[in-house]
Amino acid sequence: MKIAVDAMGGDFAPAVVVEGAIRAAKEFGIHSILVGDKEQVRAELKKHGCADSRITVWHASEVVGMDESPAQAIRRKKDSSLRVCFDLVNNGEAAAVVSAGNSGAAMAAGIFLFKKIKGVDRPAIAVSVPTMKGQTVLLDVGGNVDCKPIHLAQFAVMGDTYARYALKKESPRVGLLSNGEEEAKGNELTKETNILLKKMSLNYIGNIEGRDIYRGDVDVVVADGFVGNVVLKLSEGLMEALVSMLKAEIMSSVPSKIGYMLARGAFSNLKKKIDYAEYGGAPLIGVDGVCIISHGRSNPKAMKNAILRARECVSARLNEHLREAFARSGDIGNVRESQPSHGGSEG
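Residue positions are given per chain, counting from 1 as you read along its sequence in written order. Reporting of local features is limited, given that this is a predicted model, to residues whose pLDDT is at least 70; pairs of side-chain atoms are given and counted only at 80 or more, and all residues count toward the totals for whole chains, interfaces and linings. Only heavy atoms go into the side-chain values, all of them from the structure, while hydrogens and water stay out.

Caption draft 1: Up close: the overall build of the chain. If you tally the helices and strands in the chain, you get 13 helices and 11 strands. Here the globule rule reads 2.2 Å times residues to the power 0.38, and the radius of gyration is calculated from C-alpha atoms. Its C-alpha atoms give the chain a radius of gyration of 21 Å, near enough to 20 Å, the size a compact globule of 347 residues would have. Projecting the C-alpha coordinates of the chain onto the three principal axes gives extents of approximately 60 × 60 × 35 Å. Residue pairs in contact within the chain that sit at least 24 positions apart in sequence constitute 73% of those at least 6 positions apart. In the chain, 45 positive and 41 negative side-chain charges are present, and the distance between their average locations comes to 4 Å. Only runs of H or I of at least four residues qualify as helices and only runs of E of at least two qualify as strands under DSSP, and these elements are numbered from the N terminus. Here a residue-residue contact requires only that any non-hydrogen atoms of the pair lie within 4.5 Å. Counting rule applied: Lys, Arg positive; Asp, Glu negative; His and chain ends not counted. Charge coordinates come from a single atom per side chain, which is NZ of Lys, CZ of Arg, CG of Asp or CD of Glu.

Pasting the structure below:
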């Protein structure tokens, strides 16, 4: 299995991307194809003294900028590092794509080049968030800011399948993110989605509030991309702020420093649990191919784990299970037929 890695994608490419691929090869034995400017990529490999046969370089002469129009970039820049990664998968040269570059372009490439799985109207970006009891899947986190109830119902099926096969959760508990647990709470979108999800053969536990996400009592959290992205960015900012405040408190007095030394192991374990780099990247679920979208600020550890996550999704045959889930799911057909004509916001 080879993973096509966009070597030019991200704020610190190609340096962190190349180092991440080297780590993935050394620690997990993963074969990567680094796609990008061959001179720059080879220069980075040389810095690390890397001659690992599990890492190859595929030249691409163009780069998709972070501020470019996603659809136009994919259509016009056919020799961009991102576009070539998807082409390598479609041509059978690689099994998955990993990119920390323009996430909108990665999503557009997934839809246009991998195509959508039958039954999926809108693919979603799913992230794994750390909780008190392990990992919880949150989707969508930015792919679709305007959704209808049918879209959220599909996200629920995608999240259930991902949690079941990639994260090995036997009967994932699915919750709908709202502003209260009561069925009367929520906006028009969540109220109608709640009605639809109750008709489906999922382990649906109903509405959940934002504070419930990190308790770990739910395995899949469903939201539209606008709300999901706000939750994700708020969580990232809160974690960074807490770490900074904690450091300031520790350094404020000698007793605090002594206390830190005694509890250093616990602090280290906590930092590892909340570090986004441990989770690598977010899979784009619903396209007929594996694509992992990483944070633009990814460091080498994050890229290493993103490559690992790509292999895990391929090994778990995630897309095969998704195709099966939508093919056998009379749920979705019934949901379509019963969906109120006035439901949801247009998008």
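Caption draft 2: Highlighting the side chain of N102. Mapped onto the fold, N102 is located in the loop between β4 (96-99) and α5 (103-114). As used in this structure description, the phrase polar contact means that two N or O atoms lie within 3.5 Å; if the pair is within protein, one of them must be able to donate a hydrogen and the other to accept it, and residues adjacent in sequence are counted only when both atoms belong to side chains. In this structure the side chain of N102 is engaged in a polar contact, spanning 3.0 Å, whose partner is the backbone oxygen of G65. In terms of polar contacts, N102 uses its side chain to reach the backbone carbonyl oxygen of E68, at 3.3 Å. Not counting the four nearest positions on each side in its chain, N102 is found in contact with V64, G65, M66, D67, E68, P70 and L82.

Caption draft 3: Molecular detail of the side chain of N144. Of note, N144 is situated in the loop between β6 (134-139) and α6 (149-165). Working definition: with a 1.4 Å probe on protein chains only, accessible area under 20% of the residue-type maximum means buried, over 50% means exposed, and in between means partly exposed. Relative accessible area serves as the criterion here: at 8%, N144 is assigned to the buried category. Side-chain polar atoms of N144 contact the backbone oxygen of P123, separated by 2.8 Å. Aside from chain neighbours lying at most four places away, what touches N144 is M107, R122, P123, A124, F155, D224, G225 and F226.

Caption draft 4: Expanded view of unusual backbone geometry. Residue P14 follows A13 across a cis peptide bond; omega there is 0 degrees. Examined against the element boundaries, P14 turns out to sit in the loop between β1 (2-6) and α1 (15-28). Cis geometry is adopted by the peptide bond preceding D140, which originates at L139 and carries an omega value of 5 degrees. With respect to the element layout, D140 can be found in the loop between β6 and α6. In this structure, K115 is a non-glycine residue whose phi angle is positive, near 75 degrees. For K115, the position within the fold is in the loop between α5 and β5 (124-131).

Caption draft 5: Quick look at the sheet that holds strand β10 (residues 281-285). Pairing between two strands is assigned when DSSP locates at least 2 bridges connecting them. Strand order in the open sheet made by the 11 strands is β3-β2-β1-β4-β11-β10-β5-β6-β9-β7-β8, with mixed pairing throughout. Edge positions in the sheet fall to β3 (55-59) and β8 (203-208), since each of these pairs with one other strand and no more. Each adjacent strand pair in this sheet contributes to an overall mean axis angle of 25 degrees, direction not counted. Direction of pairing for strand β7 (residues 173-177) relative to strand β9 (residues 220-222): parallel, over a ladder of three bridges. Bridging from a neighbouring strand, G175 pairs with V221 of β9. All axes are obtained by fitting lines to C-alpha atoms, using only the stretch in contact for helices, and the reported angles, taken between N-to-C directions, cover 0 to 180 degrees.

Caption draft 6: Inspection of a nonpolar patch on the surface at higher detail. Patch construction takes residues with relative accessible area above 30% that form no salt bridge. Like charges are linked within 9 Å, and nonpolar side chains (Val, Leu, Ile, Met, Phe, Trp, Tyr) are linked within 5 Å. Note on areas: these come from Shrake-Rupley sampling with a 1.4 Å probe, and a residue is covered only by the protein chains present in the view. Every case where a carboxyl oxygen of Asp or Glu lies within 4 Å of a side-chain nitrogen of Lys or Arg is listed as a salt bridge. Side chains of V145, F226, V227 and V230 sit close together on the surface and give an oily, nonpolar patch of about 340 Å² of accessible area. Mapping V230 onto the fold places it in helix α8 (residues 225-250).

Caption draft 7: Looking closely at the pairing of β4. Going residue by residue along β4, you find A96 and V98 tucked away on one face and V97 and S99 tucked away on the opposite face as well. By the bridge criterion, three bridges tie β1 to β4 in an arrangement that is parallel. When the sheet's bridge partners are listed, A4 is paired in β4 with V97. Of the strand pairs in this sheet, β4 and strand β11 (residues 290-294) are connected by four bridges, and their pairing is parallel. Residue pairing for β11: S99 is matched across the bridge by I293.

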